[in-house]
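Here is what each chain is made of, one letter per residue.
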Amino acid sequence: MRPRLPPLNALKAFEAAARHESFTRAAEELCVTQGAVSHQVKALEAELAVKLFNRERQRLLITEAGRDYLAVIRDALDRIASGTERLLQRQSAGVLTVSTSPDFAAKWLVHRLGHFAEAHAGIDLRVSATMHHVDFTREDVDIAVRHGDGNWPGLDTVKLSPEQLFAVCSPKLLSGRHRLEKPGDILKFPLLHLDSRTDWTKWLQAAGVDGSAVIHGPVLNRASMIIDAAINGQGIALARTTLAAWDLIHGRLVRPFVASVPVSRTYWIVCPKVTSTLPKILIFRDWLLSEAATDLRKLKALGSSKPGKVRAT
């Protein structure tokens, strides 16, 4: 069994009184009454059966035994303070491991890593791109960006950004042989499909076009692949706001028409509730939200600056 230790408050009162050679000044430092400090020291002396101070002519004089004990207590308190400081520094700096999907990592996060490193040099960011939802109880991961409905019991969840699903293409398709004058003109081009052809059917219906027979164009299984294929002019893709934002803002993609389809599943910032207020977690979460909000402002400005049907929001 661990040996019984004196109360920490009593030890703090003794150390402060010895340092100041005064119960009154020790009380001022500890924000308690002079009587409280005197009581703590007397209780410590009684528990140890050792006289720690002599009171002579309103002066407080530490005894030889008290001086020996003070060296031990001061060293212990200094080590506690040093360990606490190191722990707090590790919570606001050090390694931060992030789990996210390959699509989010490739089309959103990787472009911005330099921005984060410049702003937060004390945080060593480690990114793990994986398709499975991380188990925080078993894996060494601090925070994740997940795609879903936000319903993960026991976890702290914050929505990254509102999203829509809309058509995107390379700017060069707007000036090619087949012009995109109306939504139906999209059917003149290869359509890039993600997993199935149902999304294009929904978008065409939202745009007022009969899309019941949309069967042409390749089917790919990664959203980042269809976006990159669209950038390369291989066809027209449907992309969600978050994944297309960087390429729209930088002119590698455009939205030929304003029609969009709402999406029920989007990106969420996820971490265990018990660690949700750690400084480095808050820093990274706030940075993600700030970057996403900046994207939306830039997309809105980009859309309002373009006349006619070609829009970027």
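Criteria and cut-off values
- Residues numbered from 1 in each chain as written.
- Predicted model: local features only at pLDDT ≥ 70, side-chain atom pairs only at ≥ 80, totals over all residues.
- Heavy atoms only, no water.
- Helix = DSSP H or I, 4+ residues; strand = E, 2+ residues; numbered from the N terminus.
- Buried < 20%, exposed > 50% of the residue type's maximum accessible area, 1.4 Å probe, protein only.
- Contact = heavy atoms within 4.5 Å.
- Areas by Shrake-Rupley, 256 points an atom, 1.4 Å probe, with all protein chains shown as cover.
- Lys, Arg positive; Asp, Glu negative; His and termini not counted.
- Charge placed at Lys NZ, Arg CZ, Asp CG, Glu CD.
- Core = buried A, V, L, I, M, F, W, Y, C linked by side-chain atoms within 4.5 Å.
- Salt bridge = Lys/Arg side-chain N within 4 Å of Asp/Glu carboxyl O.
- Pairing = 2+ DSSP bridges.

1. Some points on the overall build of the protein
Each helix and strand counted, the protein has ten helices and twelve strands in total. Here the protein holds 313 residues, and the buried ones make up 41% of them. A fraction of 74% describes how many contacts in the protein between residues 6 or more apart in sequence connect residues 24 or more apart. Accessible surface for the protein amounts to roughly 16,900 Å². Of this, 54% is attributable to carbon and sulfur atoms. Side chains of the protein give 42 positive and 32 negative charges; the mean places of these two sets differ by 6 Å.

2. Thoughts on the environment of Met131
Looking at where Met131 falls in the secondary structure, it is placed in the loop between strand S4 (123-129) and strand S5 (143-148). Taking the relative accessible area as the measure of exposure, Met131 reaches 53% and is therefore exposed. With 62 residues separating them in the primary sequence, Met131 and His193 have C-alpha atoms 19 Å apart. Excluding residues that lie within four positions of it along the chain, Met131 makes contacts with Pro102 and Arg222.

3. Things to note about the nonpolar core
Ranked by size, the top nonpolar core spans 37 residues in total, and within it Leu96, Ile143, Phe284 and Leu288 carry the most contacts. Discounting residues that sit within four places of it in the chain, Phe284 has contacts with Leu96, Val98, Phe116, Leu125 and Ile143.

4. Considerations on the pattern of salt bridges
All chains considered together, the criterion is met by 16 salt bridges. Notably, a salt bridge pairs Arg240 with Glu163, separated by 2.6 Å at the nearest N-O pair. You can see Arg240 sitting in strand S10 (residues 236-240) and its partner Glu163 sitting in the loop between strand S6 (155-159) and strand S7 (164-168), a full 77 residues away along the chain. The burial state of Arg240 is the same as that of Glu163; both residues are buried. Each of Glu15, Arg19, Glu29 and Arg74 takes part in one network of salt bridges that share partners.

5. Section: unusual backbone geometry
Of note, the phi angle at Glu21 is positive, near 55°, even though the residue is not glycine. Tracing the sequence through the fold places Glu21 in the loop between helix H1 (8-20) and helix H2 (23-30). One non-glycine residue, Asp195, lies in the positive phi region at around 70°. Judged by its relative accessible area of 55%, Asp195 falls in the exposed class.

6. Let's talk about the pairing of strand S3 (residues 94-100)
In terms of burial, S3 is a largely internal element, five of the seven residues being buried. Note that S3 and S4 share seven bridges and pair parallel. Residue Val95 lies in a different strand from S4, and its bridge partner there is Asp124.

7. Examining helix H5 (residues 102-109)
Note on helix geometry: an α-helix contains 3.6 residues per turn, so any two residues three or four positions apart are oriented the same way. The buried fraction of H5 amounts to six of the eight residues, a majority that puts the element mostly inside the structure. Along H5, the residues classified as buried are Asp103, Phe104, Ala105, Lys107, Trp108 and Leu109.

The values reported here are purely geometric and, on their own, carry no functional implication.
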